Amino acid sequence: MGDKPIYVTQPYLPPLEEFMPYLEQIWASKILTNSGPMHQQLEQALCDYLGVEHISLFNNGTIALLTALQALRITGEVITTPYSFVATTHSLLWNGIKPVFVDIDSRTLNLDPAKIEAAITPQTTAIMPVHCYGHPCEVEAIQKIADNYNLRVIYDAAHAFGVQDDNGSILRHGDLSVLSFHATKVFNTFEGGAIICPDEKTKIRIDQLKNFGHVGETNVVAPGINGKMSEFNAALGLLQLKHVDYAIDCRKEIDSRYRELLAGIKGIHCLNDAGEKRANYAYFPILVDENYSITRDGLYQKLKDHGIHPRRYFYPLISGFSMYRGLPSAQHGNLVAAAVAACQVLCLPIYPGLATSLIEEIACLIKA
Ligand code: T4K
């Protein structure tokens, strides 16, 4: 398969010379951070592109999650999924909040709304679902439960850049949505993230919290953090935004090709989309069940032996890590669908520039 390893993803990078004018502007202005001109332009450009009202940029998605919880003053218990990246629940622990795990729906691998109500206690203040792999959660069912029990909803939308349902951006659901612009994401600023919020008042609070709680030169109104995105990262974002439709189109083609090539292989299942009007093809997860000739881990190793590095996102479950496994909701019997998915999933390489010949070779290896 060649000398160079094939990773699960590779960041999309526009031609370097296109970045130079942005750098020249930063060098000329000497404004490097603290909500400078690039930062302000990117916030507006992202609102326009995503079709949302208010966005606050961050230095990464994890600090954005931490701040989202602070912004809404979430305490007590928060219902969430064990089938995610650890940042989702670490943000709860860092805020002194108890995560309560609820199982996923095995068709979508997202939080199963039918199981949420049973996990609500007098301490529950919010639900933190994840649009896993960019596939939308059952947002209406989740909102209904939240309304009935007076709970807030913060979506971990780290994977969901640009995803739309029938009425527009998936990011407008819930009280807040949090994006990641990490290098491995569909839209990247090297490191970065954002909170999408519905009103100006909440944006002002979030903007204060990400800047130490400062208001003006001499006043501090909250114990804030340094969550600011630098001008360099914001400039990268402005450039990436010009190319993101192309990047998503490339991913779409790869997704279709995999589906054609893998169709009919016994024991291999591609995850269906969740009915989104516009998907972003952030990941290409397959599920390897007991009808396949070798185990999921056997296939993982086989591909690695051929220089292909798929990832088992998300194995192990978050609930299996030492800081979570003592929670009553972390018990295996409570999370059966998540446990099955974690043992079956394999995310195959998908990124702009992945050659068709490589996709065919990967499919061939899986078929053989
Ligand atoms: N919520 C959810 C649901 C998330 O998935 C994430 C992050 C967050 C919250 C937190 O957002 P951030 O704070 O990260 O903005 C990666 C990413 O580091 C992480 O951002 C991401 N989720 C998670 C799912 O995946 P690793 O440990 O798998 O990354 P790593 O370094 O192994 O990268 C994967 C492959 O990508 C490498 O094998 C090679 C390639 N790669 C990676 C980097 C960093 C490159 O080609 N270039 C690069 O610069 O966590």
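Remember, it's a predicted structure, so these values are computed and weren't measured experimentally.

Quick notes on the rules
What you see as residue numbers is a count from 1 along each chain, following the sequence as written. In keeping with the model being predicted, local features are shown solely for residues with a pLDDT of at least 70 and side-chain atom pairs are shown and tallied solely at 80 or more, while totals for entire chains, interfaces and linings include all residues. As a convention, hydrogens and water are excluded, and side-chain values are obtained from all of the structure's heavy atoms. UniProt positions are given in the numbering used here, feature names are shortened, and annotations may be inferred rather than shown by experiment. Working rule for contacts: check all heavy atoms of both residues, and any pair within 4.5 Å makes them a contact. Here a helix means four or more residues in a row that DSSP labels H or I, a strand means two or more in a row labelled E, and each is numbered from the N terminus. For the exposure calls, accessible area comes from a 1.4 Å probe over protein chains only, and a residue counts as buried if that area is under 20% of its type's maximum, exposed if over 50%, partly exposed in between. Pairs of N or O atoms within 3.5 Å make up the polar contacts considered here, provided that, within protein, one atom can donate a hydrogen while the other can accept it, and that residues adjacent in sequence are counted only when both atoms are side-chain atoms. These domain boundaries are the output of an automatic or database domain assignment. Simply put, the buried area is the total loss of 1.4 Å probe accessible area from both parts when two parts are fitted together. Should a side-chain nitrogen of Lys or Arg be within 4 Å of a carboxyl oxygen of Asp or Glu, the pair is scored as a salt bridge. To be clear, the arc concerns the directions from the helix axis to the C-beta atoms.

Chemist: What should I look at first to understand the UniProt feature "active site" (unreviewed entry) in the chain in this one?
Modeler: As annotated in UniProt, the feature "active site" (unreviewed entry) corresponds to Lys185 in the numbering used here. Beyond its immediate sequence surroundings of up to four residues, lysine 185 is in contact with Ala158, His159, Ser180, Arg251 and Tyr283.

Chemist: What exactly am I supposed to notice about the UniProt feature "modified residue: N6-(pyridoxal phosphate)lysine" (unreviewed entry) in the chain here?
Modeler: Per the UniProt record, the feature "modified residue: N6-(pyridoxal phosphate)lysine" (unreviewed entry) sits at Lys185. Turning to its location among the elements, lysine 185 is positioned in the loop between strand E9 (176–180) and strand E10 (193–197). Taking the relative accessible area as the measure of exposure, lysine 185 reaches 14% and is therefore buried.

Chemist: Looking at this model, I keep getting lost on the side chain of asparagine 95. Mind explaining?
Modeler: Secondary-structure assignment places asparagine 95 in the loop between helix H4 (87–94) and strand E4 (98–101). A polar atom in the side chain of asparagine 95 sits 2.6 Å from the side chain of glutamine 70. Polar side-chain contacts of asparagine 95 include one of 3.0 Å to the backbone oxygen of serine 91. Apart from the residues within four sequence positions on either side, asparagine 95 is in contact with Leu66, Leu69 and Gln70.

Chemist: So what exactly am I meant to see when it comes to the environment of valine 153 here?
Modeler: Considering the arrangement of structural elements, one finds valine 153 in strand E6 (residues 152–156). Note on valine 153: relative accessible area 0%, which makes it buried. Excluding its chain neighbours within four sequence positions, the residues that come into contact with valine 153 are Ile127, Pro129, Ile142, Gln143, Ala146, Gly174, Asp175 and Leu176.

Chemist: Just to check I follow, could you spell out the domain arrangement of the chain for this structure?
Modeler: Where interface size is quoted, it is often the accessible area lost as the parts come together. Looking at the chain, the domain boundaries give domain 1 (16–239) and domain 2 (245–367). Put simply, the middle of domain 1 and the middle of domain 2, counted by C-alpha atoms, are 25 Å apart. The interface is formed by 36 residues belonging to domain 1 together with 34 residues belonging to domain 2. Among the residues domain 1 hides against domain 2, the three largest losses belong to Phe101, Tyr133 and Val186. Together they make up 23% of the total. The interface formed by domain 1 and domain 2 holds 0 salt bridges in total. Run the count over domain 1 and domain 2 and you get 18 residue pairs in polar contact (both at pLDDT 80 or more). Those elements giving two or more residues to the side of domain 1 that touches domain 2 turn out to be H4, E4 and strand E7 (164–165).

Chemist: Explain helix H5 (residues 139–149) to me, please; I cannot follow it from the model alone.
Modeler: An α-helix turns once per 3.6 residues; consequently, residues spaced three or four apart project the same way. Within H5, burial applies to Val139, Ile142, Ile145 and Ala146. Down the axis of H5, the sector holding all buried residues measures 130 degrees, keeping them to one side. Seen from the buried face of H5, the exposed residues on the opposite side, beyond 90 degrees, are Glu140, Lys144, Asp147 and Asn148. Close packing links the buried residues of H5 with strand E5 (124–128) and E6. Two residues or fewer past H5, asparagine 150 is found with a positive phi of approximately 60 degrees.

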